[in-house]
Amino acid sequence: MILVTGGSGYIGSHTVLVLLQAGFEVVVLDNLSNSSTVSLERIAQITGKKAVFIKGDIRNRALLDKLFSDYLIESVINFAGLKAVGESTKKPLAYYQCNVHGACTLLEAMNDAGVKSFVFSSSATVYGEPETDCYHENLPTGHPTSPYGRSKLMIEEILKDLQTSDNEWKIAILRYFNPVGAHQSGKIGENPTGIPNNLLPYISQVAIGKLPYLNVFGDDYNTPDGTAMRDYIHVMDLAEAHLDAMNAIMKINTANESALKIWNLGTGQPYSVLEMVKAFEDACGHDIKYKIAPRRAGDIAKFYADASLAKAELGWTAKLGLSDMMEDTWRWQSNNPNGYNHLLK
Ligand code: NAD
Ligand code: WQD
C-alpha cells in the first residue's frame, strides 16, 4: 500500500488516480487545509477504485504511528505542504512549521515503522537564480527568494543527511517546473481558493468570466515577445513521473548504488505568458482580455528544465503538449466553474 500525503490536493489527486490505475492500493492522509474529498470521490468515479481517506495532519505523530500500524505501507509520496510563495513571505513560521517540521515528523514516524521509501515534491525554485536558464540537476542549488522556496531546499538537505546516515533509505526528490492542466475527463483539476496566484488558473478564471482580465507581469524581459518564459508541464505527465520514480527507487539495490535521486520534471520547452494566452484562446474559442502590468517582484525572465536525466534513468518523458494542457484545463474549468467548492455547502 502507498501512503500519499496531501493526496486530495491538485498534484496529489492526479497521482492517486495514476497509482490506482497501476494497481496500487492507496491511503490518502490530508488535513483538507487546501482541498476537498470531492477530488477522491471523482477519482473513484473515473477509476472504479477507492483510496482509503484519513483526515489528519502530517505533524500529528500519534496519528502517523497508528496509520503505519494499521496499514502495511511500502512507500510514501509526500505532497502535503503549503505552497503559496507570496503568503510565505507574510507567514514564514507557518511555512517552516508545516513544510519542514511536517516532513521531519513524517520521516521520524516512517523511520520508526521501518518504512524507508520516500518521494518528495520539490521545486525548480531550489536552483535560485543561476547564470543559465536551462536547469540541470548537477547545477548547485542556489538561494530561493521566498520562505516557501527555502522550506523546499531545507527539506532536500534534510533528506540528503538522512540518506547519508542510513543507506536503507530510498529517496526521490522531484523538482517540478510549472505544473498545469487537469485529467482528460474534466472531473478533477486545480481548485485554487480565492484569487489564483499562478498564471494558468488565473487565465482560466478570466476565460470563464470570474475575473475581468489578466495582468501580464512585465513585457520588457529579454525574451522574443518581452514576457517571461516558463516550462509548463501537464499534471498527468507529472503524476506518471511519480509512479516511475517510486518504482525506480524501490528497485535500487542499496549495496551498489546511492538511493538518493534527484530528477527535474519539465518538458524542456519554455513558453511566454503571451504564448500561453494565445494557446488558451485557441482552446476556449474566445479572446482572453489582458493588460500589461509592471513586473512582479522576484520573477525571473526565463527558465526551463533539462529533463534528460529523468529520461535516461526513469525512461520518463513528458508526452502532453501545450494544446493538451490548455484543452484539459478548459474542460475542467468549464465543467466546474466553481471547482469543487459548490459541492461543499
Ligand atoms: P495543493 O495545496 O493542492 O496540495 C497540497 C495538499 O496538502 C492539500 O490537499 C492540503 O490540504 C494538504 N496539506 C497541507 N498541509 C498539510 C499538512 N500539514 N498535513 C496534511 N495535509 C496537508 O498543492 P499542489 O499544487 O498539489 O502541490 C503539492 C506539492 O507539490 C506541494 O508540496 C507543493 O509545494 C509542491 N509543488 C507544487 C508546485 C505547483 O506549482 N503546484 C510546484 C512545485 C512543487
Ligand atoms: C508564471 C509566469 C508570471 C500570474 C510559481 C512558484 C514556483 C512553483 C510554480 C511551487 C510568470 C506570469 C502570473 C499572473 C502573469 N510553485 N504571471 N500574471 O512564478 O513561475 O512559479 O509556481 O513550487 O515555486 O514560484 O509561476 O504561474 O505564478 O507565473 O503574468 O496573474 O506568469 O510573472 O512569468 P512561477 P506563476
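This text goes with the structure placed above it.
Our subject in this report is the structure included herewith. (Residues numbered from 1 in each chain as written. Chains lettered and ligands numbered in written order. Predicted model: local features only at pLDDT ≥ 70, side-chain atom pairs only at ≥ 80, totals over all residues. Heavy atoms only, no water.)

### What about the overall build of the chain?
Thinking step 1. Helix and strand counts for the chain stand at eleven helices and 15 strands.
Thinking step 2. Taken over the C-alpha trace, the chain has a radius of gyration of 19 Å; the compact-globule value for 345 residues is 20 Å, and the two agree within 12%.
Thinking step 3. Dimensions along the principal axes, computed over C-alpha positions, put the chain at roughly 55 × 50 × 40 Å.
Thinking step 4. For the chain, with 345 residues in total, the buried portion stands at 54%.
Thinking step 5. The long-range fraction of contacts in the chain, counting pairs at least 24 apart against all pairs at least 6 apart in sequence, stands at 80%.
Thinking step 6. Element-wise, carbon and sulfur atoms account for 49% of the exposed surface of the chain, whose accessible area totals about 14,800 Å².
Thinking step 7. With 31 positive and 38 negative side-chain charges, the chain shows a spacing of 6 Å between the two charge centroids. (Helix = DSSP H or I, 4+ residues; strand = E, 2+ residues; numbered from the N terminus. Rg over C-alpha atoms; globule rule 2.2 N^0.38 Å. Buried < 20%, exposed > 50% of the residue type's maximum accessible area, 1.4 Å probe, protein only. Contact = heavy atoms within 4.5 Å. Areas by Shrake-Rupley, 256 points an atom, 1.4 Å probe, with all protein chains shown as cover. Lys, Arg positive; Asp, Glu negative; His and termini not counted. Charge placed at Lys NZ, Arg CZ, Asp CG, Glu CD.)

### Remarks on the packing of helix α1 (residues 10-21) against helix α8 (residues 235-251)
Thinking step 1. Contact geometry of α1 with α8 gives a least axis separation of 8 Å together with a crossing angle of 60°. Considering the angle they form, α1 stands oblique to α8. At the point where α1 passes α8, the crossing takes the right-handed sense. Only Val235, Met236, Leu238, Ala239, Glu240, His242, Leu243 and Met246 of α8 make contact with α1, whose side of the interface consists of Tyr10, Ile11, His14, Thr15, Leu17, Val18 and Leu19.
Thinking step 2. Per-class residue counts for the contact of α1 with α8 are eleven nonpolar, three polar and one charged. (Axes fitted to C-alpha atoms, helices over the stretch in contact; angles between N-to-C directions. Parallel < 35°, antiparallel > 145°, perpendicular 65-115°, else oblique. Left-handed = near helix turned anticlockwise from the far one by under 90°. Nonpolar A, V, L, I, M, F, W, Y, C, P; charged D, E, K, R; others polar.)

### A few points about the site of ligand 2
Thinking step 1. Neighbouring ligand 2 are 19 residues; Tyr148, Leu199, Asn215, Arg230 and Asp299 lie closest to it.
Thinking step 2. Contacts to ligand 2 include Leu199, whose backbone N or O atom sits 2.8 Å from an oxygen atom.
Thinking step 3. About the coverage of ligand 2: the protein hides 88% of its 690 Å² of free accessible area.
Thinking step 4. Within the residue set of the shell around ligand 2, elements represented by two or more residues are α7 (199-207) and β9 (214-217).
Thinking step 5. Among the elements that line the shell around ligand 2, the one with the most residues is β9, at four residues.
Thinking step 6. Across the shell around ligand 2, the residue classes break down as ten nonpolar, six polar and three charged. (Near = heavy atom within 4 Å. Polar contact = N/O pair within 3.5 Å; in protein donor to acceptor, adjacent residues only side chain to side chain.)

### Some points on the sheet that holds strand β2 (residues 26-30)
Thinking step 1. Here seven strands make up an open sheet; going across it, the order is β3-β2-β1-β4-β5-β7-β12 and the pairing parallel. Lying at the two open borders of the sheet, with one neighbouring strand each, are β3 (52-55) and β12 (260-265). The mean angle between the axes of side-by-side strands here comes to 20°, regardless of whether they run parallel or antiparallel.
Thinking step 2. As judged from the four bridges shared by strand β1 (residues 2-5) and β2, these two strands associate in the parallel manner. Paired with Thr5 across the two strands is Leu29, which belongs to β2.
Thinking step 3. Strand contacts of α1: β1, β2, β4 (75-78) and β7 (170-176), with the helix running at about 170° to β2, the strand carrying the most contacts.
Thinking step 4. Where α8 meets the sheet, its contacts fall on β1, β4, β5 (117-123), β7 and β12, and the angle it forms with β7 comes to roughly 160°. (Pairing = 2+ DSSP bridges.)

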